[in-house]
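Chain and residue survey
For reference, the chains in residue letters:
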Amino acid sequence: MTLTQAERMLIGFIRQRAELKRSFDRMGTVDWAYRSVYDVLLAHGQWCTPAALPSGVGPMPERHCYANARRTELAYPSLVYAEGWAVSVRAGIPFAHGWCTTAEGVVVDPTWSWSGPGGSAYVGVQFTDSALRPGVDGGGVLEDPATAYPLLRDGWPLEQPLP
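The notes below deal with the structure included here. (Residues numbered from 1 in each chain as written. Predicted model: local features only at pLDDT ≥ 70, side-chain atom pairs only at ≥ 80, totals over all residues. Heavy atoms only, no water.)

1. Points about the packing of aromatic side chains
- This structure, assessed with the given rule, holds seven aromatic pairs.
- Taking the centre distance of 4.9 Å and the plane angle of 50° together, the rings of F13 and W85 count as tilted. One end of the pair, F13, is in helix 1 (residues 5–23); the other, W85, is in strand 2 (residues 80–88), and 72 residues separate them in sequence.
- Using a relative accessible area of 10% as the deciding quantity, one classes W85 as buried.
- Consider the rings of Y81 and F127, whose centres lie 5.9 Å apart with planes at 55°: the pair is tilted. Remark: F127 occurs in the loop between strand 5 (120–126) and helix 4 (145–154) and Y81 occurs in strand 2; sequence separation between them is 46 residues.
- Here Y81 falls in the buried class, since its relative accessible area comes to 0%.
- What makes F127 buried here is its relative accessible area of 0%.
- An aromatic cluster of at least three residues, connected via ring pairs, comprises F13, Y38 and W85. (Phe/Tyr/Trp six-rings, centres within 6.5 Å; stacked < 30°, edge-to-face > 60°. Helix = DSSP H or I, 4+ residues; strand = E, 2+ residues; numbered from the N terminus. Buried < 20%, exposed > 50% of the residue type's maximum accessible area, 1.4 Å probe, protein only.)

This is how it looks when you write it as structure tokens:
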């Protein structure tokens, strides 16, 4: 697979962060299923295909990506809520982010206007179990210690296999 500039930037960032987290060797996480969300993404993350926002969807306020994605998923039941990291070549800095995907893995991002083909990259996991999705006013599942730590410690729930 040939990676785009944005994909190379993003996977390099995730690998570097995973290694950094592992180098801390925190005794409290040694026996956890995953040492960090970066390890989850390296083990189970999937590339999502950037695309322009479909007509009739968004745009929604920036800096509310998790709530925006959750509201979009509720409004369009064929979409699936996803979280992970995303980057735009224009911005040059990867961000923890929430978005939706189609069944084919195409990104529907109601928050970022720059999420289009060629200049951005998304890697993440889909949350098909509604019990794991955030509320419409909440933060990200992988960013909130109350939801991330149990997933990191215990692994993914059996009723929700990772993609």
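That shown, we press on.
2. As for unusual backbone geometry
- Phi angles above zero are rare outside glycine, and R63 is one such case at about 70°.
- One can find R63 in the loop between strand 1 (46–48) and helix 3 (65–75).
- Judged by its relative accessible area of 80%, R63 falls in the exposed class.

3. A look at the environment of Q126
- Inspection of the secondary structure assignment puts Q126 in strand 5.
- In sequence terms Q126 and K21 are 105 residues apart; their C-alpha atoms lie 23 Å from each other.
- Polar side-chain contacts of Q126 include one of 2.5 Å to the side chain of T101. (Polar contact = N/O pair within 3.5 Å; in protein donor to acceptor, adjacent residues only side chain to side chain.)

4. A word on the sheet that holds strand 1
- In spatial order, the strands read 1-5-2-3-4; together these five strands make up an open sheet with antiparallel pairing. A single partner strand is all that each edge strand has here, and the edge strands are strand 1 and strand 4 (107–108).
- Each of strand 1, strand 2 and strand 5 touches helix 2 (residues 37–44); the most contacted strand, strand 5, lies at about 95° to it. (Pairing = 2+ DSSP bridges. Contact = heavy atoms within 4.5 Å. Axes fitted to C-alpha atoms, helices over the stretch in contact; angles between N-to-C directions.)

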